[in-house]
Amino acid sequence: METLSVPTAPLASLLLVLTAVGCSTGEDARPSGPLGTEPGAPMTTGLFDSEGITADFPVESSSSGDDGLGDTGGDGSGPSGCNGSTAIAPLGSPCVDDCACASGHCFALPFGGVCSECVTDDECASDGGTPTCAVDGTTEPPFAHCTDMPAAPPDLASVRCEDLHGTSFDAPAKRVHEVTIAGIEGTTNKLRRREQVRISEGLANELGIHEGEVDDTGPAWQVRVILDDVDPGSSANFSVAEIVPGVPELRVEVWLPNDVDGDGNFSDEHNGFHKLFGDENTEDVLDDEPKATVVLMAPGTTVVVSGGQTTAHVHFPEPSANDGSFRECVELHDDVLAVVAPHGGSIEEHITNELPQFLSTLEALGQAPSTWEAVGLWDGGGAYRRWHITATQVSAGAFPGYALLADAGPYKYTLSLHGFANGKKGVVVGGRAGRQLKCFLVQRLEQERTVGTNVLYEIHAPGSPKLDVNGHLGESGLSGQSTDNIVNRLSPADPGAGGIQLELSTALRDDDELFADFMHALAIATNDLIDLQLTDDPDTDYCSMLD
């Protein structure tokens, strides 16, 4: 008899990982693709866990009689082709296929299935009922049924990611408790010290992370480190750069403050210790061997908008210190254009504010972009240090929403929106799309902008010299040329036109009128680029038209 664990709480726990070739369940299930997940490859999602699930439920049974489960939504026979087994999983239970459900209907969701009254809209129409089979949040526990769906459900074009809510399901991530936090010293690389950790071989084994899945530059597993016994709670995201061999204990190592000024004061804030403990004394904290829970997932929640439905998949509860949270939202449409904002909310400020109007303008122009945004919030500042994961390291395993976006690709065009600290009002136009394509985009941007403030552009492209437009910005380190960058993974030059990364300066984003005008012009320019199906070999030399 096969068993599935289901919660006693009303929300069905979706512990299943859908891939392009089928489903797998169980705590030992591994994601099937590489951490970077090339578009079109089998979808790689985080490792879901059954922790907190308290009741076991038999999926198939030959017994008869009252099982005390109440309404199962069917006669228990299951659909045809189930080898005569008796399926007794009730409505709202997690399922692998139709044979698991008494109703004979396993409705597919982004990270699993749920026993439901229907699977397709045609089933609703054939019964003379309403035309849509959907999970609409009106049943408890949630399951799909024939329903009147709202004409315009919330999406990323109408509401910001942090405010986007849908029917909620539990999708618990793999987690390990009682992990000792230790300190390491040595490197002066700010990004590595702030964003990366080393983990012991013992912790790697518990999490199921293998040597080939960690890296200090390319895609690597992200983990959430949550401090135990701290009120209010504190947590932060890290990329796993290294596994320390021969250490069986459960240990995560964070970088300690450096004496950046050489005055013995160790005021440096670009380190993992400061992310978790702030300005506390390192010796006082570490001498007590502080403990943490380590989760094999970056976002606490993944919200998915697809097929007219919005579902929220909760991986773990946020510790809630300083009203802090980190979540991702993904909206799936066509494979022509993907728009990504990996550092939304308070991480790189103001991008999230303008994203809904930018997407709405694109939609009004006839485009249907697929969109992914990761949003980090933390009152009182510090969201950047706490939540930022550099774009070359983002892992499809630790970001299930990004995995869905990547699996639906590749995209002909991808536009990736970032922010950087600079007092000049300017944009670094990078990514591996060609130079002429980027020159066209900048030319159309400047034609459509109505606010007269000068905006500087710095254009980077493979095999081409840097091009300054309207003046010198001086940010050559933000060119976005790495093939590991998510913008280039989502839109490889073949078969697409390549990815475009826009780094938007603080001064530009802080000017509300100018930034709103810029984003409106960017939507128009992006639409024109798509309408012309522009690639890197146009008949017109657009770069020569720029100053």
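Each value, and the rule that gives it
- Residues numbered from 1 in each chain as written.
- Predicted model: local features only at pLDDT ≥ 70, side-chain atom pairs only at ≥ 80, totals over all residues.
- Heavy atoms only, no water.
- 1 Å grid on protein atoms, 1.4 Å probe; cavity = no way out; pocket = protein on both sides within 12 Å on 5 of 7 lines; lining within 4 Å.
- Points joined across faces, edges and corners; volume = space filled by probe spheres on them.
- Helix = DSSP H or I, 4+ residues; strand = E, 2+ residues; numbered from the N terminus.
- Nonpolar A, V, L, I, M, F, W, Y, C, P; charged D, E, K, R; others polar.
- Core = buried A, V, L, I, M, F, W, Y, C linked by side-chain atoms within 4.5 Å.
- Buried < 20%, exposed > 50% of the residue type's maximum accessible area, 1.4 Å probe, protein only.
- Contact = heavy atoms within 4.5 Å.
- Expected span 1.5 Å × (residues − 1).
- Axes fitted to C-alpha atoms, helices over the stretch in contact; angles between N-to-C directions.
- Parallel < 35°, antiparallel > 145°, perpendicular 65-115°, else oblique.
- Left-handed = near helix turned anticlockwise from the far one by under 90°.
- Pairing = 2+ DSSP bridges.
- Phe/Tyr/Trp six-rings, centres within 6.5 Å; stacked < 30°, edge-to-face > 60°.
- Lys NZ or Arg CZ within 6 Å of the ring centre and 35° of its normal.
- Salt bridge = Lys/Arg side-chain N within 4 Å of Asp/Glu carboxyl O.

Enquirer: Please give an account of empty space enclosed by the protein that cites residues and values.
Expert: Scanning all chains against the criterion turns up four cavities of 30 Å³ or more. Lining the largest cavity we find L337, Y413, T414, L415, L441, I500, T526 and L529. Secondary-structure elements contributing two or more residues to the lining of the largest cavity are strand 24 (413-420) and helix 12 (512-531). Looking at the lining of the largest cavity element by element, the count peaks at three residues for strand 24. In the lining of the largest cavity, the residues fall into six nonpolar, two polar and no charged.

Enquirer: Tell me what's going on with the layout of surface pockets, and back it up with residues and numbers.
Expert: The calculated volume of the largest pocket comes to roughly 750 Å³. If you go around the largest pocket, you meet 35 residues; those closest to its centre are E348, Y384, H388, G419 and E503. Elements with a contribution of two residues or more to the lining of the largest pocket: helix 2 (190-195), helix 7 (383-387), strand 24, strand 28 (498-505) and helix 11 (506-510). Looking at the lining of the largest pocket, its residues break down into nine nonpolar, 18 polar and eight charged. Taken together, 19 residues form the lining of the second largest pocket, with L227, S234, L276, F277 and E280 sitting closest to its centre. Broken down by secondary-structure element, the contributors of at least two residues to the lining of the second largest pocket are helix 4 (272-277) and helix 7. No other element matches the four residues that helix 4 contributes to the lining of the second largest pocket.

Enquirer: Kindly report on the nonpolar core, identifying the contributing residues and their values.
Expert: Counting residues in each nonpolar core, the largest one holds 57 residues, and the members touching the most others are I199, I209, V223, V252, L276, W372 and Y402. Of the residues forming this core, the biggest block, five residues, is contributed by helix 8 (residues 400-407). If we ignore the near neighbours within four places in the chain, the residues touching V252 are V179, T180, I181, A182, V197, R198, I199, L203, V225 and V294. Grouped together as the second largest cluster of nonpolar side chains are 55 residues, V442, V455, I459 and I500 included.

Enquirer: Account for helix 6 (residues 351-364), with residues named and values stated.
Expert: With 14 residues, helix 6 extends 20 Å from end C-alpha to end C-alpha; this agrees with the ideal 20 Å at 1.5 Å per step. Among all positions of helix 6, only I351, T352, E354, L355, P356, F358, L359, T361 and L362 are buried. Buried positions along helix 6 lie against strand 22 (337-345), strand 23 (370-377), strand 24, strand 28, helix 11 and helix 12. Once helix 6 finishes, G366 follows within two positions and takes phi at roughly 100°, a positive value.

Enquirer: Give me the packing of helix 9 (residues 435-448) against helix 12: which residues, what numbers.
Expert: To characterise two packed helices, one gives the angle between the axes of the helices and the distance between these axes. The geometry of helix 9 relative to helix 12 is characterised by a closest axis approach of 8 Å and an angle of 135° between their N-to-C directions. On the basis of their axis angle, the class for helix 9 and helix 12 is oblique. Considering only the axes of helix 9 and helix 12, their crossing is right-handed. Contact residues: helix 9 offers L437, F440, L441, R444, L445 and E448, while helix 12 offers F518, A521, L522, I524, A525, T526, D528 and L529.

Enquirer: Let's hear about the sheet that holds strand 15 (residues 222-227): which residues, and what values?
Expert: Strands sit in the order 13-17-14-16-15-18 around a closed barrel of six strands; the barrel is mixed. Taking each pair of neighbouring strands and ignoring which way they run, the sheet shows an average axis angle of 45°.

Enquirer: Outline the packing of helix 6 against helix 12, supporting the account with residue identities and numerical values.
Expert: Where helix 6 meets helix 12, the closest approach of the two axes is 9 Å, and the angle between their N-to-C directions is 35°. Remark: the crossing between helix 6 and helix 12 carries right-handed chirality. Residues I351, E354, F358, T361 and L362 of helix 6 form the contact with helix 12, whose own contacting residues are F515, A516, M519, H520, L522, A523, T526 and N527. Within the contact of helix 6 with helix 12, the residues separate by chemical class into eight nonpolar, four polar and one charged.

Enquirer: Tell me about the packing of aromatic side chains, and name the residues and values.
Expert: The final tally for this structure, using the stated rule, is seven aromatic pairs. Aromatic side chains F326 and F399 sit 6.0 Å apart centroid to centroid with 75° between the ring planes, which places their arrangement in the edge-to-face category. Of this pair, F326 sits in strand 21 (residues 325-331) while F399 is found in the loop between helix 7 and helix 8, placing the two residues 73 residues apart along the sequence. A relative accessible area of 1% places F326 in the buried class. Centroid distance W378 to W387: 6.1 Å. Interplanar angle 70°. Geometry classified as edge-to-face. For W378, a relative accessible area of 10% corresponds to the buried category. Here the aromatic cluster, defined as three or more aromatic residues joined through ring pairs, consists of F326, W372, W378, W387, F399 and Y402. Across from the ring centre of F238, 4.0 Å away, lies the NZ or CZ of K275, which sits over that ring. Above the face of the W378 ring, R386 is positioned so that its terminal group lies 3.7 Å from the ring centre.

Enquirer: Could you give an account of the pattern of salt bridges, with specific residues and numbers?
Expert: One pass over the structure, following the stated rule, counts 14 salt bridges. Here R193 makes a salt bridge to D268, at a shortest N to O gap of 2.2 Å. In this pair, R193 sits in helix 2 while D268 sits in the loop between strand 17 (251-255) and helix 4, placing the two residues 75 residues apart along the sequence. Overall, the relative accessible area of 2% leaves R193 in the buried class. Taken together, the shared-partner salt bridges in this structure form one network comprising R192, D216 and E242.

Enquirer: Go over unusual backbone geometry with me, naming the residues and quoting the values.
Expert: With an omega of 0°, the peptide bond between E140 and P141 qualifies as cis. Relative to the helices and strands, P141 resides in the loop between strand 10 (132-134) and strand 11 (145-147). The peptide bond linking G409 to P410 adopts the cis configuration, its omega dihedral lying at 5°. Within the element layout of this structure, P410 appears in the loop between helix 8 and strand 24. For E178, which is not glycine, the phi torsion reads 55° and is therefore positive. By relative accessible area, E178 is classed as partly exposed at 49%. At E289, a residue that is not glycine, the phi angle is positive and equals roughly 50°.

On their own, these measurements won't tell you what the molecule is for.
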